[in-house]
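Each chain, letter by letter, is given below.
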4 protein chains.
Amino acid sequence: MKEIVVGILGAGRIARVHTESITTGIPGARIKSVADPFATEETEKWAEEKGIEILTKDPSVVINDPEIEAILICSSTSTHAQFTREAALAGKHIFCEKPLDLDVERIRETMKIVEEAGVKFQIGFNRRFDHNFMALRQAVEEGKIGEPHIIRITSRDPEPPNPQYIAGSGGIFMDMTIHDFDMIRYLSGSEVEEVYCKAAVLVDPAIGEAGDVDTAVITLTMANGALGIIENSRKAAYGYDQRAEVFGSKGAIKSSNDSTSTAVLSTVDGVVSEKPLFFFLERYLASFTHEMKLFFNYIREGGKSPAGPDCALKPVQIALAVKESVRTGLPVKVE
Amino acid sequence: MKEIVVGILGAGRIARVHTESITTGIPGARIKSVADPFATEETEKWAEEKGIEILTKDPSVVINDPEIEAILICSSTSTHAQFTREAALAGKHIFCEKPLDLDVERIRETMKIVEEAGVKFQIGFNRRFDHNFMALRQAVEEGKIGEPHIIRITSRDPEPPNPQYIAGSGGIFMDMTIHDFDMIRYLSGSEVEEVYCKAAVLVDPAIGEAGDVDTAVITLTMANGALGIIENSRKAAYGYDQRAEVFGSKGAIKSSNDSTSTAVLSTVDGVVSEKPLFFFLERYLASFTHEMKLFFNYIREGGKSPAGPDCALKPVQIALAVKESVRTGLPVKVE
Amino acid sequence: MKEIVVGILGAGRIARVHTESITTGIPGARIKSVADPFATEETEKWAEEKGIEILTKDPSVVINDPEIEAILICSSTSTHAQFTREAALAGKHIFCEKPLDLDVERIRETMKIVEEAGVKFQIGFNRRFDHNFMALRQAVEEGKIGEPHIIRITSRDPEPPNPQYIAGSGGIFMDMTIHDFDMIRYLSGSEVEEVYCKAAVLVDPAIGEAGDVDTAVITLTMANGALGIIENSRKAAYGYDQRAEVFGSKGAIKSSNDSTSTAVLSTVDGVVSEKPLFFFLERYLASFTHEMKLFFNYIREGGKSPAGPDCALKPVQIALAVKESVRTGLPVKVE
Amino acid sequence: MKEIVVGILGAGRIARVHTESITTGIPGARIKSVADPFATEETEKWAEEKGIEILTKDPSVVINDPEIEAILICSSTSTHAQFTREAALAGKHIFCEKPLDLDVERIRETMKIVEEAGVKFQIGFNRRFDHNFMALRQAVEEGKIGEPHIIRITSRDPEPPNPQYIAGSGGIFMDMTIHDFDMIRYLSGSEVEEVYCKAAVLVDPAIGEAGDVDTAVITLTMANGALGIIENSRKAAYGYDQRAEVFGSKGAIKSSNDSTSTAVLSTVDGVVSEKPLFFFLERYLASFTHEMKLFFNYIREGGKSPAGPDCALKPVQIALAVKESVRTGLPVKVE
């Protein structure tokens, strides 16, 4: 098996998650260099521990290294499109964290460059590779529930981000619901045509003051005729609530939350099960690992991208339509 | 305990359910007479078996009987308002099956007459008295989930009615969802201010040809700020699907379906639990019994009606707004 | 349908449960008379309310009434065998509460008289008619789990009886586990050949002082080769714990507890479901009703008794063997 | 952090599982050498991939390497005791797969040598480190269920081993139930004093012909007064069934099986959840990883062994008593 040499742009939390997946679970892949303009001594120590040869502040060192075949873009969102272009032009296969960009035109142009460069491209919608959602998708694909009629996604964060973060995040729909927009495409095997969103500030007034909402109910009309529901909250007191259900002509399939153990305690106070896992990295760790496996598989074997250019574009288009629906109070067609 | 003498208008399925509840579970109540213009020999036999003294085709025999204190109106929907007026003017306490009428003005006038007559009035929204939904309501009332943020009702019938029935039923929202409109008021303890509905014909084209829809997703905005979701289908292949969840600032409470037994079979084919109960009378039997108990309690003890004039009016107003939303494709304020 | 006239011996709790089942759920059955030597004014009032014609202190008034076709024996255990004999000799069909007697010889003689009299006989092992256990039995009968290998019954009371009661009850195995002895016969479709029991006093020392145990683990060897486990406790803090599992060559089927509702509350404190129903009459009410239906069906239609003479005899034989095993510390063959 | 240099005896399946845990999850540990008399080219390739410096057929190369601080004994059972002695005498910390030996005297002597050498010793009862069983143990330790009264372990393999394997395995109690014997000690925090076992050949006659049983129900009496039940089968058609329940004065805690996803499919055929994980390495993978973490922690931090000499000795003593009980048909005191 030919070794795949990897470079990473960014050395933050998600870069480290992917590094872990690659070093412990992807035989035949080697992370040669990491570029991070904010690299500290701590970053150096980490890179050394992980056997990463080069730590630089200059992304072009990574992008232009002829030995490097694949690049993971784990830097801040505002750099995703630019780095993707540069990597594509340098002929590298690309794994880019979501979202590629918040601007539809920019995404389109970037994807065009990627396409013309003929490099492989995967965007970081890790939930497609979660054991629960994969089981739902598989049942739908195998026709076990017949034609999908109603797809429902319940997606509630355990804790709101701080209002400062919100300002730069593009708001709840670009930051949090974007996963659900991709998920409804994944589960339904269809595209979103129209949305209507009712949103509110019920969790924390500071979120409203920051110009965002924290609670939302979104109705989606799919191209295949199915109706979708996404419901979001920035704060579920009991933990990270990540469920879905697909209902169709022959039945329904639903997933529930993961927890630490199956233990159930029965006492005079009730019958108590464990709460859902709280932290997203704990909840979705295996999906990140699986995502990396599929990325390297895709490089080696070709085929369809596990999450290709359509996943870079469509969820952003849906998010924009939803924002427009919140602004106007009306249903909005997705571009 | 003073005996309460009861008359029933109508001798169909629901009249018999209430008769059963009264004769077997309400001490101190006696059904003296039943009026049904379509009474047959079979009806006579049934009335005799149940110890009902008088079976007549003439409702006025029941309404004007001075011995009768309470009347159950179980006749066809088109007669509900008229019989309610007559019974009120005759000074009888009234239990009327839902809906009172499909016309808001008519409901208002009728409720005014009831109020002026000073008689007790309860409308047949039996699901308020279902063990699962009562448990949800109680948790909400006790503040266990904090302030309600999102209320979700999943309500799917096991089988669509025949298209002929649909024509005379007022359509899915008046016939089926009307229960859910009342339920969201019950669970939230608040009123619906605005609705948006996306609906489709996915189950059976014949339903569309009859001018109705069979699949619907409704977003509701409540006066207390909470957002609501109702999702309906006329056909769930696995049975009668009746679930709800109330999510709030401190947590969430949800109910799942009832089934015949708790048995779980594990074999090479999977781990199989029982399907939800299929037939509404089986699923909601206990709620009908409890409904009757509360009606007779209300007559004896007074207090607030378990399902008073607001329940006669509001769900119909919501249904009309939802129909308008489907017609216009826009959100609609509830009158 | 020919009316079946019924007499009841005893007017205590269980007599009233059966009265309720008959008056509200068995068309064509009429309770004519009740005999109870301890009848009070309260008893009279109850009998009148239920439309019972004769309330007497003399059982022979019931037993010798030629109009009476069926007798329910709901008196104290010590009278069961004698009343069964007298009723059989008087040609009445008999429903007798369990146990028939604590003495094997007496049971045998009584059953011989019943047989010679050619009357129908059913003993009150109501759990055979519980929805959960019936579902298990049905799966076993239909071969869904293949050949039974291990049958497990978990049977824990919510609260111990008072030590005075224990003295007269024949001890935990005759009083409480006797139901489980019959249940393992029912679930396995086989007979118990050998038992070994390890027992202890862990709940309340007063139970030990009364000469009984309150915690027991019993291993049973069935004639069909399956192994059985019964585990008992006199006190489960969380309620009445009544579960079973049958494991076989093709799989397993198990039941769990019933509770008031399906509501599940998720908060920062955990995910909390309802406790099992606490009171045996609440838990098993439907089984008592079904038991009566089957008794009257059996009278009308004939066939095999739903719980015939073998059920009167075998569980007592097993209980005696278990007591012997506790006494000797050794496995004991069932007679 | 000082590096811990590790040697492994054996290069089979379990050696590789531990290698994976160490290389991917234990910072500061390095596997220097592996000894396996049956090493093949495939083994060499594996060792190279994992960065293992020395692959030898001679265990003494590992045991006598002064650089090596800790040895994992993953060779065949018959060599465990001898290697443990040699490693102890060489002053190495020892992790040894279970069982240490099938002979009580030999275990005692070996443990004495280990103790005198003052090296750290841990035996491979990985289930102590499983998320579900740890949750049960924690609840018991925290007093959430009060005093333990009944401890129940359901342990059923998905498929029987082939009869040839059985011959050399010491039989079901030494090979399979030995885990459960340790588990009941772990869950109860107490020792087994007496056992009674009823066993049968119900799965496959070939197992009986090999002198073993395949189905067993074991009653255990604990030193703290609690009663235990272990039930085993060599074949559960639906997968690897690994559950436990601890019932006590204040309540009960139980675990259920792990499966691939939380997906539940509802169709006309029923409500179907996923089967338990089938393969023990899949089911217990995380426990093996955790086990290794605790071993290296124990080396660094000292304290009590996560599974010390008592775990090497006691389960074997219990297994011998159980075998004696099967042979004699009588309860047997554990030595």
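The rules behind these values
Residues numbered from 1 in each chain as written. Chains lettered and ligands numbered in written order. Predicted model: local features only at pLDDT ≥ 70, side-chain atom pairs only at ≥ 80, totals over all residues. Heavy atoms only, no water. Helix = DSSP H or I, 4+ residues; strand = E, 2+ residues; numbered from the N terminus. Rg over C-alpha atoms; globule rule 2.2 N^0.38 Å. Buried < 20%, exposed > 50% of the residue type's maximum accessible area, 1.4 Å probe, protein only. Contact = heavy atoms within 4.5 Å. Buried area = accessible area lost by both parts, 1.4 Å probe. Salt bridge = Lys/Arg side-chain N within 4 Å of Asp/Glu carboxyl O. Polar contact = N/O pair within 3.5 Å; in protein donor to acceptor, adjacent residues only side chain to side chain. Arc of directions from axis to C-beta. Phe/Tyr/Trp six-rings, centres within 6.5 Å; stacked < 30°, edge-to-face > 60°. Lys NZ or Arg CZ within 6 Å of the ring centre and 35° of its normal. Least-squares fit on C-alpha atoms with pLDDT ≥ 70 in both. Nonpolar A, V, L, I, M, F, W, Y, C, P; charged D, E, K, R; others polar. Pairing = 2+ DSSP bridges. Core = buried A, V, L, I, M, F, W, Y, C linked by side-chain atoms within 4.5 Å. Axes fitted to C-alpha atoms, helices over the stretch in contact; angles between N-to-C directions. Right-handed = clockwise from strand over helix to strand, strands pointing away.

Draft legend 1. Local environment of the overall build of chain A. For chain A, the helix and strand inventory stands at 12 helices and 15 strands. In terms of overall size, chain A behaves like a compact globule, its C-alpha atoms giving a radius of gyration of 20 Å where 335 residues would be expected to give roughly 20 Å. For chain A, the C-alpha atoms occupy an extent of roughly 55 × 50 × 45 Å along the three principal directions. The buried share of chain A, reckoned over its 335 residues, is 60%.

Draft legend 2. A look at the interface of chain A and chain B. Taken together, the contact between chain A and chain B spans 38 residues of the former and 37 residues of the latter. Interface of chain A and chain B: buried area, both sides summed, is about 3,000 Å²; carbon and sulfur atoms make up 64% of it. Along the contact surface separating chain A from chain B lie eight salt bridges. Close ionic contact of Glu245 of chain B with Arg156 of chain A constitutes a salt bridge, the shortest N to O distance being 2.6 Å. Linking chain A to chain B there are 12 residue pairs in polar contact (both at pLDDT 80 or more). Those elements that place two or more of their residues in the side of chain A that touches chain B are strand 7 (148-156), strand 8 (192-200), strand 9 (215-222), strand 10 (227-233), strand 11 (241-248) and strand 12 (251-255) of chain A.

Draft legend 3. Region of the structure containing helix 2 (residues 41-49) of chain C. Residues and elements named next belong to chain C. Of the positions making up helix 2, those classed as buried are Thr43, Trp46 and Ala47. On an axial view of helix 2, the arc spanned by its buried residues comes to 100°, and they lie on one face. Residues of helix 2 that are exposed and angled more than 90 degrees away from the buried face: Glu41, Lys45, Glu48 and Glu49. Packing partners of the buried residues in helix 2 comprise helix 1 (13-25), strand 2 (29-35) and strand 3 (54-56). For helix 2, the side-chain oxygen to backbone nitrogen distance between the N-cap and Glu42 is 3.2 Å, and the N-cap itself is Thr40. Just past helix 2, the residue Gly51 takes up positive phi, approximately 75°.

Draft legend 4. Main features of the packing of aromatic side chains. Tallied over the full model, the rule gives 26 aromatic pairs over all chains. Ring plane angle 75° and centroid distance 6.3 Å describe the contact between Phe280 of chain B and Phe288 of chain B, whose orientation is recorded as edge-to-face. Look at Phe279 of chain D and Phe280 of chain D: their rings are 5.4 Å apart centre to centre, the planes differ by 70°, and that puts the pair in the edge-to-face class. Judged by its relative accessible area of 38%, Phe279 of chain D falls in the partly exposed class. Assessed through its relative accessible area of 26%, Phe280 of chain D is described here as partly exposed. Through pairs of rings, three or more aromatic residues link up here, namely Phe95, Phe295 and Phe296 of chain A. Just above the ring of Tyr298 of chain B sits the side chain of Lys120 of chain B; from NZ or CZ to the centre is 5.9 Å. Over the ring of Phe247 of chain D we find Arg156 of chain C; its NZ or CZ atom is 4.0 Å from the centre of that ring.

Draft legend 5. How the structure looks around the relation of the copies chain A and chain D. Superposing chain A onto chain D takes a rotation of 180° combined with a translation of 0.0 Å along the rotation axis, leaving an RMSD of 0.0 Å. Expressed as an axis order, the relation between the two copies is that of a two-fold axis. The rotation axis passes nearest to the C-alpha of Thr24 of chain A in chain A, at a distance of 2.6 Å. The share of interface residues of chain A whose copies in chain D are also at the interface is 100%, consistent with both copies meeting through the same surface.

Draft legend 6. Quick look at the interface of chain A and chain D. Opposite the 27 residues of chain A that make contact, chain D presents 27 residues. With both chains or domains summed, chain A and chain D bury close to 1,700 Å², and 55% of this area falls on carbon and sulfur atoms. Taken as a group, Thr24, Thr262 and Leu265 of chain A account for 28% of the area that chain A buries against chain D, more than any other trio of residues on that side. Mapped by element, the contributors of at least two residues to the side of chain A that touches chain D are helix 1 (13-25), helix 6 (131-141), strand 12 and strand 13 (264-267) of chain A. Residue contributions to the side of chain A that touches chain D peak at five residues, all from strand 12 of chain A. Its residues placed into classes, the side of chain A that touches chain D shows nine nonpolar, 12 polar and six charged. Note that strand 12 of chain A and strand 13 (residues 264-267) of chain D share four bridges and pair antiparallel. Directly across from Gly251 of chain A, in strand 13 of chain D, lies its bridge partner Thr267 of chain D.

Draft legend 7. Representation of the nonpolar core. With 94 residues, the main nonpolar core has Phe173, Val195, Leu220 and Phe296 of chain B as its most contacted residues. Once you skip the residues sitting within four places of it in the chain, Phe296 of chain B turns out to touch Ile4, Val6, Ile22, Ile26 and Ala29 of chain B.

Draft legend 8. How the structure looks around the relation of the copies chain A and chain B. At an RMSD of 0.0 Å, chain A and chain B line up after a rotation of 180° and a shift of 0.0 Å along the axis. Comparing interface residues between copies, 97% of those in chain A also lie at the interface in chain B; the contact surface is shared.

Draft legend 9. Spotlight on the sheet that holds strand 3 (residues 54-56) of chain B. Residue and element names in this part refer to chain B. Taken in spatial order, the six strands of this open sheet run 3-2-1-4-5-6, and their pairing is parallel. Edge strands, defined here as strands with exactly one partner in the open sheet, are strand 3 and strand 6 (121-123). With direction set aside, neighbouring strand axes in the sheet form an average angle of 20°. The sheet contact formed by strand 2 (residues 29-35) and strand 3 spans three bridges and is parallel. The residue bridging Ala35 from the neighbouring strand is Thr56, located in strand 3.

Draft legend 10. Focus on the sheet that holds strand 2 (residues 29-35) of chain A. All names here are of chain A. Strand order across the open sheet formed by six strands is 3-2-1-4-5-6, with parallel pairing between neighbours. At either margin of the open sheet sits one strand with a lone partner, and together these are strand 3 (54-56) and strand 6 (121-123). Across the sheet, the mean angle from the axis of one strand to that of its neighbour is 20°, orientation sign disregarded. In the packing of helix 4 (residues 80-89) onto the sheet, the strands contacted are strand 1 (4-9), strand 4 (70-73), strand 5 (93-96) and strand 6, and the crossing angle to strand 5 comes to about 165°.

Draft legend 11. View of the pairing of strand 9 (residues 215-222) of chain C. All names here are of chain C. Burial runs high along strand 9: eight of the eight residues are buried. Where burial is concerned, the two faces of strand 9 agree: the one with Thr215, Val217, Thr219 and Thr221 and the one with Ala216, Ile218, Leu220 and Met222 are both buried. Where strand 8 (residues 192-200) and strand 9 come together, eight bridges link them in antiparallel fashion. Pairing of Lys198 across the sheet is with Val217, part of strand 9. In terms of strand pairing, strand 9 meets strand 10 (residues 227-233) through seven bridges, oriented antiparallel. Looking at strand 10, one finds that Thr221 is bridged to Leu227. Once strand 9 ends, the chain turns through four residues before running back antiparallel as strand 10, passing Gly225 with a positive phi of about 95°.

Draft legend 12. Geometry of the side chain of Asn132 of chain A. Take Asn132 of chain A: it is sitting in helix 6. For Asn132 of chain A, a relative accessible area of 0% translates into the label buried. A polar side-chain atom of Asn132 of chain A sits 3.1 Å from a polar atom in the side chain of Asp258 of chain A. Setting aside residues up to four positions removed in sequence, Asn132 of chain A forms contacts with Ser255, Ser256, Asp258 and Arg283 of chain A together with Ser261, Thr262 and Ala263 of chain D.

Draft legend 13. Spotlight on the pairing of strand 2 of chain C. Residues and elements named next belong to chain C. Among the seven residues that make up strand 2, six are buried, leaving the element largely enclosed by the rest of the structure. The sheet contact formed by strand 1 (residues 4-9) and strand 2 spans six bridges and is parallel. Bridging across to strand 2, Ile4 finds its partner in Ala29. Handedness of the crossover is the feature at issue here: the chain leaves strand 1, passes through helix 1, returns alongside strand 2, and the resulting connection is right-handed. You can see the chain leave strand 2, run along helix 2 and come back into strand 3, and the turn it takes is right-handed.

Keep in mind these numbers describe shape, not what the thing actually does.
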